Amino acid sequence: MSGPEQPGTADKTAEATAQPSVDKLSKTLQRGAKISAIVLVVTQSISLIQTLAVARLLSPAEVGAFTAGSILVNFLVTFSEGGLRAALIQREKDLEDAADTVFWVTLVNGIVMSGIAFALSPLIGAFFGGDVAGAVCAATAAVLAIHALTNVPDGLMQRRFNFKRRMIVNPSTAVTFAATAIALSALDFGVWGLVIALYASQVVTLVLTWWLAGWWPGRGHFSFTIWREMARFALPLIASEFAQKGREFAEAGLTGRVLGEASLGMYRYGRRIAALPGTAIIQIASYVLFPAFSRIAKDAGRLRRGFLRAMTALWVTSLPAGALLVAIGEPLVVIALGEQWRGAGLVLMGMAGYGPGMALGSIGKESIKGTGRSRLLNWVTGTSLVVSITALVILLPTLGLLGVGMAASAEALCAGTLAVVIGMRVAGVRVRDALKVLLPVLVAGVAAMGATFVLENGFFHSDGRPIVVGLGLLLVDVLVFLGLYLGLLRILSPSVSRELASGVRSALRRPKKGPTGSDAAVPEPEPEVVPTAAVPTAAGAPTEAIASREATPEWNALDAPTVLIASGEGVETAPPWAVAVTERLYLAPVTPPADGHTNGHTNGHTANGHGPSEDHTNGHSNGHTNGHTNGHTNGHTNGRGPGRARPGHPAHARRDGRHDRDAEPLQIVRRSRHDGS
């Protein structure tokens, strides 16, 4: 099932389905996180402005009617995609055929789901007790078919770490929906202004995604075999998405049925505001984590270190954001949306645990998917369903909107905790290493939350003040919270505090321009893994492979990461991408080469011992005075005393004054500059 290839699209299609390079993965992910952060700030700001404006133009009942009418479409979008976009991102072979297969399957699914939504629209109206909800459901049914057309080009861009979607598509979609919704609401279109805005934003997303992806169906061929392979990977993802969408369906449905459409409108906006911090953090991370974990899944060391760094980044930002909602959630909504939306503030407070739970779930799920073990997600799915329904049934009748928010928090925290525990086992992360990150942040966040809650509700009462004064007092609340949180975190865990500060500085640092003046990723050539100590010469130039660790039965040189280092006459230098990879692998600073130091590393000892060794003077490698290898500052590997390292002993990579017995081997290949490579 393939169409004719469009003229002039062959090269772009081939590029879109090519394998991404992992040589500059660390810098690619940093750049992707920065781009995603900037774009998320823009899009979430636009979304927040739209929410504030529409809340002043429409009543909670009108927003509730739109929520009730679109609830089925939001649920069925899971089956439209069928988990195949994630399977396409994770797949390593037959990409052109896989892309065509996913395109046709998801398109058919989208059309079928649109028909189902249209047919069931009368039932939606009857369930919520109003004709408007049913009419909205029928009117929004075709959105599923439009969305299905974006799955393949969007998935291919994410797989290639192409951040154009983040930079262009997402802001354009947000601006389109916001501008259309605000304009039509001001013109008294009511709920139908939101319906038209939904279609306008989906069309903009479709056009821009196809234009930027550079992919066109027809280069590959539909394959039932590939479909079955990808479906096996995707099935647990469908179950997971089904649980999440089913939970949201149940929350919205029961809220609207039991509390009415006005309360459903408050639920929608309260949930939307509560999800802003968590959604921003998760989208920044998950857009790059899944394809990144897929590329490094076979490198246990990089996977483990990447998991811990990602968990630190997500937890240290999502936990305080959730804690702050408990302290100032209700007054924030009243000041921003008006007194009639106070119920949304209760939802906001109840959902304080939603962001942290989703952050944990994100890192766990992305690592599980990235390693190809998606069936493990079934445990998370089952937990999510059980906790969600149980909590909702218990809390909704007794606590109303606050109970709905608390049920969402309970589900997110329980499912997220289970997901991160499974992810830790997959990535080989020890429990004590994870607790060193999680516990100090939790204690600091809860303590800061308690103090800020007392300050706001015992003294300030911001929601009872004029708007300007109230906003000023809320700003004081935020500053007090941040001061307490950061101060306590610095005391309880200096290492996590330094990691947070480093991340902030990295995010604010202006990225360096490439040779073409662009920040776009430039794939580097794949380094050749050389398993022996001697490498055949190329064009008559001498080449030598130096293993950073002595070979032992515990690891195979073929599995070791390899860095190419060009050799000059008397001086060795490394290309920037090699230095970046070395730095990220060992999490150690890299200094530019100077004063005869090998590869820019200072005060480190040779890979084969502390003292004098064969063919080396004073323990320094390769005959260079004070030249040192492998990126270790004051670090010692593979030996403890004079002479050669004792075989069979585990490597010790020195970091921050501690030995890490689990550090992964690194292989360095030096090539002459005259070999033409």
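The model shown is predicted, which means the values in this text are computed figures rather than measured ones.

Assigned secondary structure in the chain consists of 21 helices and five strands. Relative to its full complement of 677 residues, the chain shows a buried share of 53%. In the chain, the proportion of contacts linking residues at least 24 apart, taken out of those at least 6 apart, comes to 82%. Total accessible area on the chain is roughly 29500 Å²; 63% of this is exposed by carbon and sulfur atoms.

Moving on to the packing of aromatic side chains. What the rule picks out here adds up to 14 aromatic pairs. On the numbers, 4.9 Å between centres and 75 degrees between planes, the contact of phenylalanine 103 with tryptophan 104 is edge-to-face. According to the relative accessible area criterion, phenylalanine 103 is buried, its value standing at 6%. For tryptophan 104, a relative accessible area of 23% translates into the label partly exposed. Of the aromatic side chains, those joined through ring pairs into one cluster are Phe103, Trp104, Trp210, Trp215 and Trp216. The residue whose ring lies beneath arginine 257 is phenylalanine 127, and the NZ or CZ to ring-centre distance is 5.4 Å.

With that out of the way, let us pick up the packing of helix H13 (residues 300-337) against helix H18 (residues 431-460). Direction vectors running N to C along H13 and H18 enclose 15 degrees, while the axes themselves pass 9 Å from each other. Here H13 is positioned roughly parallel relative to H18, judged by the angle of their axes. The handedness of the crossing between H13 and H18 is right-handed. When H13 is examined against H18, the residues Leu308, Met311, Thr312, Trp315, Val316, Leu319, Ala323, Val326, Ala327, Ile328 and Pro331 are found in contact with a partner set consisting of Asp433, Ala434, Val437, Leu438, Val441, Leu442, Gly445, Met449, Thr452, Phe453, Glu456 and Asn457. Here the contact of H13 with H18 is composed, by residue class, of 17 nonpolar, four polar and two charged.

Turning our eyes to something else, we now look at the environment of serine 45. Secondary-structure assignment places serine 45 in helix H2 (residues 25-57). Distance in space between the C-alpha atoms of serine 45 and alanine 174 is 9.4 Å, their sequence separation being 129 residues.

For the rest of this paragraph, the subject is the environment of alanine 239. Relative to the elements of secondary structure, alanine 239 occurs in helix H11 (residues 224-259). Sequence-wise, alanine 239 and glycine 382 are 143 residues apart; in three dimensions their C-alpha atoms are separated by 8.9 Å. Not counting residues within four places of it along the chain, the set of residues in contact with alanine 239 comprises Asn378 and Thr381.

The next thing to look at is H11. Of all the bends found along H11, the most pronounced is centred on phenylalanine 233 and spans about 40 degrees, while proline 236, a proline, follows it within four residues. Put simply, serine 223 is the residue that caps the front of H11, since its side-chain oxygen is 3.4 Å from the backbone nitrogen of threonine 225.

So, about the pattern of salt bridges. As enumerated under the stated definition, the model contains 14 salt bridges in all. Its salt-bridge partner being arginine 271, residue glutamate 248 comes within 3.5 Å of it at the nearest N-O pair. Here glutamate 248, found in helix H11, pairs with arginine 271, found in helix H12 (residues 261-296); they are 23 residues apart in sequence, far enough to count as distant. Note that arginine 342 is salt-bridged to aspartate 463, the shortest N-O span being 3.2 Å. On the criterion of sequence distance, the pair formed by arginine 342 in helix H14 (residues 342-350) and aspartate 463 in the loop between H18 and helix H19 (467-492) is long-range, its members being 121 residues apart. When its relative accessible area of 24% is taken as the criterion, arginine 342 is described as partly exposed. One continuous salt-bridge network, built from bridges that share partners, spans Arg247, Glu248, Glu251, Arg271 and Glu411.

Bringing unusual backbone geometry into the picture now. We note that aspartate 94 has phi near 50 degrees; this positive angle belongs to a residue other than glycine. For aspartate 94, a relative accessible area of 42% puts it in the partly exposed group. Positive phi, close to 50 degrees, is recorded for histidine 461, a residue that is not glycine. With respect to the helices, strands and loops of the structure, histidine 461 is situated in the loop between H18 and H19.

In this structure, serine 409 sits in helix H17 (residues 401-427). Taking relative accessible area as the criterion, serine 409 reaches 7% and is therefore assigned buried. The residues touching serine 409, leaving out its near neighbours within four places in the chain, are Gly350, Met351, Ala352, Gly353 and Tyr354.

This paragraph deals with a nonpolar patch on the surface. A surface patch of nonpolar side chains, amounting to about 540 Å² of accessible area, comprises Val443, Val476, Val480, Leu484, Leu488, Ile491 and Leu492. Per-element tally for the nonpolar patch: the top contributor is H19, with six residues. By the secondary structure assignment, valine 443 is in helix H18. For valine 443, a relative accessible area of 47% puts it in the partly exposed group.

It is worth spelling out the packing of H14 against H17 at this point. Closest axis-to-axis distance for the H14/H17 pair is 7 Å, and the angle between their directions is 25 degrees. It follows from the interaxial angle that H14 and H17 lie roughly parallel. Handedness of the H14/H17 crossing: right-handed. Contact with H14, carried on its side by Gly343, Leu346, Val347 and Gly350, involves Leu401, Leu402, Gly405, Met406 and Ser409 of H17 and no other residues of that element.

Time to look at the confidence of the model for the chain. Residues with a pLDDT of 70 or more make up 67% of the chain, whose mean pLDDT is 75. Confidence over residues 1-7 falls short of pLDDT 50; this stretch has 13 contacts with residues more than four positions distant or in other chains. Note on residues 513-677: pLDDT is under 50 here. Beyond four places in sequence and across chains, it has 291 contacts.

Turning next to the environment of serine 367. Locating serine 367 in the fold gives a position in helix H15 (residues 354-370). For serine 367, a relative accessible area of 0% corresponds to the buried category. It is 6.0 Å that separates the C-alpha atoms of serine 367 and phenylalanine 293, two residues lying 74 residues apart in sequence. Each residue touching serine 367, except ones within four places of it in the same chain, is listed here: Phe293, Phe307, Gly423 and Val426.

About the criteria used
Residues numbered from 1 in each chain as written. Predicted model: local features only at pLDDT ≥ 70, side-chain atom pairs only at ≥ 80, totals over all residues. Heavy atoms only, no water. Helix = DSSP H or I, 4+ residues; strand = E, 2+ residues; numbered from the N terminus. Buried < 20%, exposed > 50% of the residue type's maximum accessible area, 1.4 Å probe, protein only. Contact = heavy atoms within 4.5 Å. Areas by Shrake-Rupley, 256 points an atom, 1.4 Å probe, with all protein chains shown as cover. Phe/Tyr/Trp six-rings, centres within 6.5 Å; stacked < 30°, edge-to-face > 60°. Lys NZ or Arg CZ within 6 Å of the ring centre and 35° of its normal. Axes fitted to C-alpha atoms, helices over the stretch in contact; angles between N-to-C directions. Parallel < 35°, antiparallel > 145°, perpendicular 65-115°, else oblique. Left-handed = near helix turned anticlockwise from the far one by under 90°. Nonpolar A, V, L, I, M, F, W, Y, C, P; charged D, E, K, R; others polar. Bend = angle between axes of the 7 residues up to and from the residue. Polar contact = N/O pair within 3.5 Å; in protein donor to acceptor, adjacent residues only side chain to side chain. Salt bridge = Lys/Arg side-chain N within 4 Å of Asp/Glu carboxyl O. Patch = residues over 30% accessible without salt bridge, like charges linked within 9 Å, V, L, I, M, F, W, Y side chains within 5 Å. pLDDT = per-residue confidence, 0-100.

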